[in-house]
Amino acid sequence: MMRMGLDPQDIEIIIISHGHFDHTGSLEYLKELTGASVGMSEADYQLATIAGEIPERDENDFVITDGMEITLGDTTLTALVTPGHTPAPSR
Ligand SMILES: [Zn+2]
């Protein structure tokens, strides 16, 4: 990013799609580098926490819920919590 003239501090939100180490392994470093808040589903927080792969949640982090809208600049994403590597939400 820095070689491309981008400032990591411009990153405000890190969205983790699921709690496996290949998605969370550098999270502590990235949080420190960017100061960004981290969002992931509760099931993924639990999965990654049990595995000891993520730093503790802080007040800037948030739980992504099914149907939740996340706005990034002028784009709004709608989260769909789906099974895959993560247990599906009960409906
Ligand atoms: Zn995975």
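Residues numbered from 1 in each chain as written. Predicted model: local features only at pLDDT ≥ 70, side-chain atom pairs only at ≥ 80, totals over all residues. Heavy atoms only, no water.

The name that an unreviewed UniProt entry assigns to the chain is MBL fold metallo-hydrolase, with the source organism given as Pseudoroseicyclus tamaricis.

1. Some details on the pattern of salt bridges
Convention followed: The rule for a salt bridge is simple: a side-chain nitrogen of Lys or Arg has to be within 4 Å of a carboxyl oxygen of Asp or Glu. Helix numbers and strand numbers start at the N terminus; a helix is a DSSP run of H or I with at least 4 residues, a strand a run of E with at least 2. Each residue gets one of three labels from its accessible area relative to the maximum for its type: buried under 20%, exposed over 50%, partly exposed in between, using a 1.4 Å probe on protein chains only.
Evaluation of the coordinates by the stated rule reveals 3 salt bridges. Asp 58 serves as the salt-bridge partner of Lys 31, at 3.0 Å between the closest nitrogen and oxygen. With Lys 31 in helix α2 (residues 27-34) and Asp 58 in the loop between α3 (42-50) and β3 (62-63), this pair connects stretches of sequence that are 27 residues apart. For Lys 31, a relative accessible area of 12% puts it in the buried group. Among the ionic pairs, Lys 31 bridges to Asp 61, the shortest N-O distance being 2.6 Å. One end of the pair, Lys 31, is in helix α2; the other, Asp 61, is in the loop between α3 and β3, and 30 residues separate them in sequence. Both residues of the pair, Lys 31 and Asp 61, count as buried. Taken together, the shared-partner salt bridges in this structure form one network comprising Lys 31, Asp 58 and Asp 61.

2. With respect to the sheet that holds strand β2 (residues 37-40)
For the record, the criterion: Pairing between strands is defined by DSSP: at least two bridges between them are needed.
Taking strand neighbours across the sheet as the criterion, the 3 strands line up as β1-β2-β3 in an open arrangement whose pairing is parallel. Of all strands in the sheet, those bounded by a partner on one side alone are β1 (13-15) and β3. Two elements, β1 and β2, share 3 bridges in a ladder whose sense is parallel. Looking across to β2, one finds that Ile 15 is bridged to Gly 39.

3. Some details on empty space enclosed by the protein
The criterion, for reference: Cavities and pockets were defined on a 1 Å grid built over protein atoms only: a cavity is a set of grid points that admits a 1.4 Å probe from which the probe cannot escape, a pocket is an open set flanked by protein on both sides within 12 Å along at least five of seven lines, and lining residues are those with an atom within 4 Å of any such point. Grid points are joined across faces, edges and corners, and a volume is the space filled by probe spheres set on the points.
The final tally for this structure, using the stated rule, is 1 cavity of 30 Å³ or more. As for the largest cavity, its lining consists of Leu 27, Lys 31, Val 38, Tyr 45, Ile 54, Pro 55, Glu 56 and Asp 61.

4. Here we look at α2
So the rule is basically this: Comment: arc refers to directions from the helix axis out to C-beta atoms. The contact definition used throughout considers only heavy atoms, calling two residues in contact when any of these lie within 4.5 Å.
Of all the positions in α2, only Leu 27, Lys 31 and Thr 34 are classed as buried. Around the axis of α2, the buried residues are gathered within 85° of arc, so they sit on the same side. More than 90 degrees from the buried face of α2, the exposed residues found are Glu 28, Tyr 29 and Glu 32. Buried residues along α2 sit against β1, α1 (21-24) and β2. Gly 35 sits one or two residues past α2 and shows a positive phi near 75°.

5. Quick look at the pairing of strand β5 (residues 75-78)
Inspection of the sheet shows strand β4 (residues 69-72) paired to β5 by 4 bridges, in the antiparallel sense. Following the sheet pairing, Ile 70 is matched in β5 by Leu 77. Between the end of β4 and the start of β5, which pair antiparallel, lie 2 residues, with Gly 73 showing a positive phi angle near 60°.

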